[in-house]
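# Summary of structural features
Letter by letter, the chains look like this.
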Amino acid sequence: MKRSVINFLRKAFPFLTVIFLWRLNIPFWNPGGILVLIPVFYCTFIRPINWFMPFGLLFCFLLDYNLGAICYWTSIYLLCYALNGFQNFIDFTHRDFNSIDVFMLYIAIGLFFFEFAHINWTTFGRMVWTFVWLSTLYTPITQLINRVHNDR
């Protein structure tokens, strides 16, 4: 019984991480729950988990709801998911550093277009801060998911 509960919690940990990061909505450190993009990106594209794509889609939609964006991150997520199907030459699952460079590109493109909604220096500074903060927290969060969700 104890072993089955531990196995369930290991399997559920990436899902619980997404829920926790979305609920941890702090204006400066996690505006709108944007840190949810780290486990959603990682568990969908880098280390795919069964049934995570619909869950990630739901939380991208909820992130858009919190940020007041109309299906912005949801659209980017679906576009990347579609492009991931054409992945013939580059294998993201076996890259160094949990493919942080791919994640940084994903976030940079998303924030670049998001910045055009209100062009001013404050918005630009906020986008730079968000990019640096997400890039910094990517490695610790993905390492934690790797250690807990150790099913391979």
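For the structure, check the block above.
Read on for a plain summary of the structure. Remember, it's a predicted structure, so these values are computed and weren't measured experimentally. (Residues numbered from 1 in each chain as written. Predicted model: local features only at pLDDT ≥ 70, side-chain atom pairs only at ≥ 80, totals over all residues. Heavy atoms only, no water.)

## Remarks on the state of the cysteines
Quick note on the threshold: Our working definition of a disulfide is a cysteine sulfur pair at a distance within 2.5 Å.
Applying the stated criterion across every chain yields a total of zero disulfides. The thiol of cysteine 43 is not disulfide-bonded; the next cysteine sulfur, from cysteine 60, is found 12 Å away. For cysteine 71, which is in no disulfide, the shortest distance to another cysteine sulfur is to cysteine 60 and amounts to 11 Å.

## Some remarks on the side chain of threonine 142
To keep it simple, the criterion reads: Strands here mean DSSP runs of E at least two residues long; helices mean DSSP runs of H or I at least four residues long; both are numbered from the N terminus. In protein, a polar contact means a hydrogen-donor-capable atom and an acceptor-capable atom, both N or O and within 3.5 Å, with residues adjacent in sequence counting only if both atoms are side-chain atoms; elsewhere, any N or O pair within 3.5 Å suffices.
Among the secondary structure elements, threonine 142 is positioned in helix α6 (residues 121-148). Only 3.2 Å separates the side chain of threonine 142 from the side chain of asparagine 98, close enough to count as a polar contact.

## Describing the packing of aromatic side chains
This is how the line gets drawn: Stacked, edge-to-face and tilted labels apply to pairs of Phe, Tyr and Trp rings (six-membered ring for Trp) whose centres lie within 6.5 Å, assigned for plane angles under 30 degrees, over 60, and everything in between, in that order. Here the term buried applies to any residue with accessible area under 20% of the maximum for its type, exposed to any over 50%, and partly exposed to those in between, with areas from a 1.4 Å probe on protein chains only.
On inspection of all chains with the given rule, the structure shows 22 aromatic pairs. With 6.3 Å between their ring centres and 80° between their planes, tyrosine 42 and tyrosine 138 make a pair best called edge-to-face. With tyrosine 42 in helix α2 (residues 37-46) and tyrosine 138 in helix α6, this residue pair connects regions lying 96 residues apart in the sequence. Taken individually, tyrosine 42 and tyrosine 138 each receive the classification buried, so the pair is uniform in this respect. Centre to centre, the rings of phenylalanine 45 and tyrosine 81 are 6.4 Å apart; their planes meet at 45°, and the pair counts as tilted. Highlighted residues: phenylalanine 45 in helix α2 and tyrosine 81 in helix α4 (residues 72-84), separated in sequence by 36 residues. Here a set of aromatic residues connected by ring pairs shows up, and it is made of Phe41, Tyr42, Phe45, Tyr72, Trp73, Tyr77, Tyr81, Phe103, Tyr106, Phe114 and Tyr138.

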